[in-house]
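# Architecture and fold: a report
One letter stands for each residue in the lines below.
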Amino acid sequence: MYLTREQQADYKRQGFLIVESFVDAGACDRLRVRAEALVHEFDPAEAISIFSTREQSRRADDYFLGSGDKIRFFFEENAFLPNGSLRHSKNRSINKIGHALHDLDPVFDKFSRTPELKQLSADLGIEQPLLLQSMYIFKQPKIGGEVTCHQDSTFIYTEPMSIAGLWFALEDATVENGCLWAIPGGHEIGLKSRWQRSQDGMHFEVFDSTPWPEERLVPLEVRKGTLILLSGLLPHKSLENKSAKSRHAYTLHMIGGNSDYPADNWLQRSTAMPLRGFE
Ligand code: FE2
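The structure presented is a predicted model; accordingly, all values stated were derived computationally and were not measured.

Analysis parameters
- Residues numbered from 1 in each chain as written.
- Predicted model: local features only at pLDDT ≥ 70, side-chain atom pairs only at ≥ 80, totals over all residues.
- Heavy atoms only, no water.
- Salt bridge = Lys/Arg side-chain N within 4 Å of Asp/Glu carboxyl O.
- Helix = DSSP H or I, 4+ residues; strand = E, 2+ residues; numbered from the N terminus.
- Buried < 20%, exposed > 50% of the residue type's maximum accessible area, 1.4 Å probe, protein only.
- 1 Å grid on protein atoms, 1.4 Å probe; cavity = no way out; pocket = protein on both sides within 12 Å on 5 of 7 lines; lining within 4 Å.
- Points joined across faces, edges and corners; volume = space filled by probe spheres on them.
- Nonpolar A, V, L, I, M, F, W, Y, C, P; charged D, E, K, R; others polar.
- Pairing = 2+ DSSP bridges.
- Axes fitted to C-alpha atoms, helices over the stretch in contact; angles between N-to-C directions.

So, on to the pattern of salt bridges. Across all of its chains, the model carries 19 salt bridges by this definition. In this structure, Asp105 and Arg34 form a salt bridge, with 2.8 Å as the shortest nitrogen-oxygen distance. With a gap of 71 residues between them, Asp105 in the loop between α5 (101–104) and α6 (106–112) and Arg34 in helix α2 (residues 25–41) connect regions that are remote in the sequence. Across the salt bridge formed by Arg113 and Asp103, the nearest N and O atoms sit 2.7 Å from each other. Here Asp103 lies in helix α5 and Arg113 lies in the loop between α6 and α7 (115–123), a separation of 10 residues in the sequence. On the basis of relative accessible area, Arg113 is assigned to the buried category, the value being 11%. On the basis of relative accessible area, Asp103 is assigned to the buried category, the value being 15%.

Rendered as structure tokens:
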């Protein structure tokens, strides 16, 4: 076992678990260097045309909805000037890269598939784990946007519920630079909504419209190299980064291979690229 029985019990009780020093500083830095190289190689012209034309909303949705088996780049909300050009340099404008880094890029593949992670998925009771999605999140200094309170299972739904999020701090994450906030025990609230594909695009099916008990949110300030495990049902958020420090993080989401993955989840992959586990 990688996790102690106490850690496993904590995860069940709180809906999250903080594992300090899970990856060493060198591994964090290698991922960061690779993400910066990907951004350097990325030609923003295509994406800029998508995000800044009159048809912006539909084309931006298609770019996002087709990214489940690709490496695509998403801009901060306020990255563009009214004339469609970038307000800041390219590498200061990217919000995140997603969603198949772990399958398409060798450096991310190596980081995402380790014996420790495989053991950890077993310790969490996830049977035949499959790596569904990966995101590199920049949380840029000064302009890194807020992520409002949500449950990951709203966006990645399985029956039975079998999702775990792995959130790796590649730099120190503090209240100042926009660390995660979570509601301890909030996974007991149950799933409040689902984001589903339908004939007219995406829509939210709402099961419970009461507001989040945000007064129960606590900041998860962690050091570089820490892994935060998040149950798919745990309500969490992060605030804007108004500081001068970036807050890079890498996230992976795994699902149980025995659970049903609905065809109306947003993330769908080509049959040529089936999901893989830790092998
Ligand atoms: Fe999330």
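So, next bit.
Moving on, we get to the layout of surface pockets. Within this model, the largest pocket holds a volume of roughly 1,600 Å³. Phe64, Asn95, Lys96, Glu146 and Val147 are, among the 50 residues lining the largest pocket, the residues nearest its centre. Going through the elements one at a time, α4 (56–65), β2 (71–75), β3 (94–99), β4 (129–137), β5 (147–150), β6 (163–169), β12 (236–238) and β13 (249–256) are the ones with two or more residues in the lining of the largest pocket. For the lining of the largest pocket, the element with the highest residue contribution is α4, accounting for 6 residues. Residue composition of the lining of the largest pocket, grouped by class: 22 nonpolar, 16 polar and 12 charged. Empty space within the second largest pocket amounts to approximately 440 Å³. It is helix α1 (residues 5–14) that contributes the most residues to the lining of the second largest pocket, 3 residues altogether. Grouping the amino acids of the lining of the second largest pocket by side-chain chemistry returns 8 nonpolar, 10 polar and 3 charged.

Taken together, 4 strands build an open sheet; the order of strands is β5-β12-β7-β10 and the sheet is antiparallel. The open sheet has two edge strands with one neighbour each: β5 and β10 (218–220). Each adjacent strand pair in this sheet contributes to an overall mean axis angle of 25°, direction not counted. By the bridge criterion, 2 bridges tie β5 to β12 in an arrangement that is antiparallel. Bridging across to β12, His150 finds its partner in His236.

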